[in-house]
Amino acid sequence: MKKEMCEDYSEAFARYYDILTQHKDYALETSALNELVDSLKIDQSCPLIDIGCGTGTHSIKLSRLRKNPISAFDISPPMLREAIAKRSRVIFFSGSLLDIDTSAFSFAYSLYNVVNCITELAELSNFFLQVNRRLKLGGYYFFEFWNRAAVLEEPPVIVTRVIHSGREKVIRIAEPDISCLSDGILNLVYKIEITDVNGDLSQFESLHRLRLFDLADFQRCLRVAGFEINFCRGALPSLSENIRNERMLSILVKKTGEPLL
Ligand SMILES: C[S@@+](CC[C@H](N)C(=O)[O-])C[C@H]1O[C@@H](n2cnc3c(N)ncnc32)[C@H](O)[C@@H]1O
């Protein structure tokens, strides 16, 4: 039996990311994202950017629903390799947000827990500031994140999923470390066990360090970064207005000026 230990969005995790997220309805989420972009009257010629695109599923689906040029960025080269291998018209790239043209985009989005991968408040502020600089004045940024209040009320427990993909069986055990949850720190260890078509077993573990910011932190950082908040709702696809019991939330902001920093 092969056993590996890896951190975050490394090669092994990236290879299985799409299988491990099969419980998410990317088609429905993208359709709701498309409606959101439509509601903002963003012309089909305006460039869009996915920040933290992972394996690119949302952006590739969105590129089939809209004509807009779509760029997609991630800090994990293995995740991007998976996205590029899907062969779409989306322009995928890695590196740093600083390498991306300023004032180029009308709409930016970071879906699922991208912003929760940022573990320090100062880093979060800088991240929003860099996103602001990539947007045109009047452009929008939409992002999703874990609802800290709901998670504190009902802390995560060990969750096991058994997924059949082709002729492989994948077991994913998510083990949360909630010892520092009151400080917004959630470490998740994913234990992945794969049984291939010949019955051979391989395993790896992947550690994900997440930070759950509270709404006031987001509001402060966004204001300083030159954004005005349009809404705070449930995540895609529902964008529910009643957020109290939603474990994932979303915020839509508009660039109303340059960062104050
Ligand atoms: C849970 S995945 C979400 C991927 C994709 N958005 C989705 O919904 O499937 C989080 C992604 O955020 C990326 N990420 C984390 N911090 C980032 C940052 N500062 N800039 C860009 N990407 C980041 C990770 O590499 C990872 O691919």
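Residues numbered from 1 in each chain as written. Predicted model: local features only at pLDDT ≥ 70, side-chain atom pairs only at ≥ 80, totals over all residues.

Participant: Explain the domain arrangement of the protein here, please?
Facilitator: Quite often, the size of an interface is put as the accessible area lost when its parts meet. Once the domains are mapped, the protein shows domain 1 (23-146 + 213-255) and domain 2 (150-211). A C-alpha centroid distance of 24 Å is found between domain 1 and domain 2. Counting from both sides, the interface comprises eleven residues of domain 1 and, opposite them, seven residues of domain 2. Across the side of domain 1 that touches domain 2, the residue classes tally to four nonpolar, five polar and two charged. (Domains from an automatic or database assignment. Contact = placed C-beta atoms within 7 Å. Nonpolar A, V, L, I, M, F, W, Y, C, P; charged D, E, K, R; others polar.)

Participant: Help me understand the sheet that holds strand S12 (residues 248-255) in this model?
Facilitator: Across a sheet, paired strands are connected by hydrogen bonds in the backbone, their directions being either parallel or antiparallel. Reading across from one edge, S4-S3-S2-S5-S6-S12-S11 is the order of the seven strands in this open sheet, with mixed pairing throughout. Two strands bound the open sheet, and with one partner strand each, they are strand S4 (91-93) and strand S11 (227-234). Between one strand axis and the next, the sheet turns through 15 degrees on average, direction left out of account. The pairing of strand S2 (residues 48-51) with strand S3 (residues 70-73) spans four bridges and is parallel. Paired with Asp50 across the bridge in S3 is Ala72. (Pairing = 2+ DSSP bridges. Helix = DSSP H or I, 4+ residues; strand = E, 2+ residues; numbered from the N terminus. Axes fitted to C-alpha atoms, helices over the stretch in contact; angles between N-to-C directions.)

Participant: Even after reading the chapter, I still don't get the environment of Glu11, so can you show me in this structure?
Facilitator: Relative to the assigned elements, Glu11 resides in helix H1 (residues 11-20). Sequence-wise, Glu11 and Tyr141 are 130 residues apart; in three dimensions their C-alpha atoms are separated by 29 Å.

Participant: What should I look at first to understand the site of the ligand in this one?
Facilitator: The environment of the ligand is formed by 19 residues, the closest being Gly52, Gly54, Ser76, Tyr112 and Cys117. Across the shell around the ligand, the residue classes break down as twelve nonpolar, six polar and one charged. (Near = placed C-beta within 6 Å.)

Participant: Mind showing me how you'd approach the packing of helix H5 (residues 121-134) against helix H7 (residues 215-224) here?
Facilitator: Closest axis-to-axis distance for the H5/H7 pair is 8 Å, and the angle between their directions is 45 degrees. Looking at the two axes, H5 sits oblique to H7. Judged by the sense of rotation from one axis to the other, the crossing of H5 with H7 is right-handed. When H5 is examined against H7, the residues Leu121, Leu124, Ser125 and Phe128 are found in contact with a partner set consisting of Asp217, Cys221, Leu222 and Val224. (Parallel < 35°, antiparallel > 145°, perpendicular 65-115°, else oblique. Left-handed = near helix turned anticlockwise from the far one by under 90°.)

Participant: Where do I start with the packing of helix H2 (residues 26-39) against helix H3 (residues 57-65) in this structure?
Facilitator: Helix-helix packing is described using two parameters, namely the angle between the two axes and the distance between the axes. Relative to each other, H2 and H3 sit at 55 degrees, their axes nearing to 9 Å. By the angle class used here, H2 and H3 are oblique. For the element pair H2 and H3, the recorded crossing hand is right-handed. Here H2 contributes Tyr26, Ala27, Glu29, Thr30, Leu33 and Asn34 to the contact with H3, which in turn contributes Thr57, His58, Lys61, Leu62 and Leu65. Broken down by class, the residue content of the contact of H2 with H3 amounts to five nonpolar, four polar and two charged.

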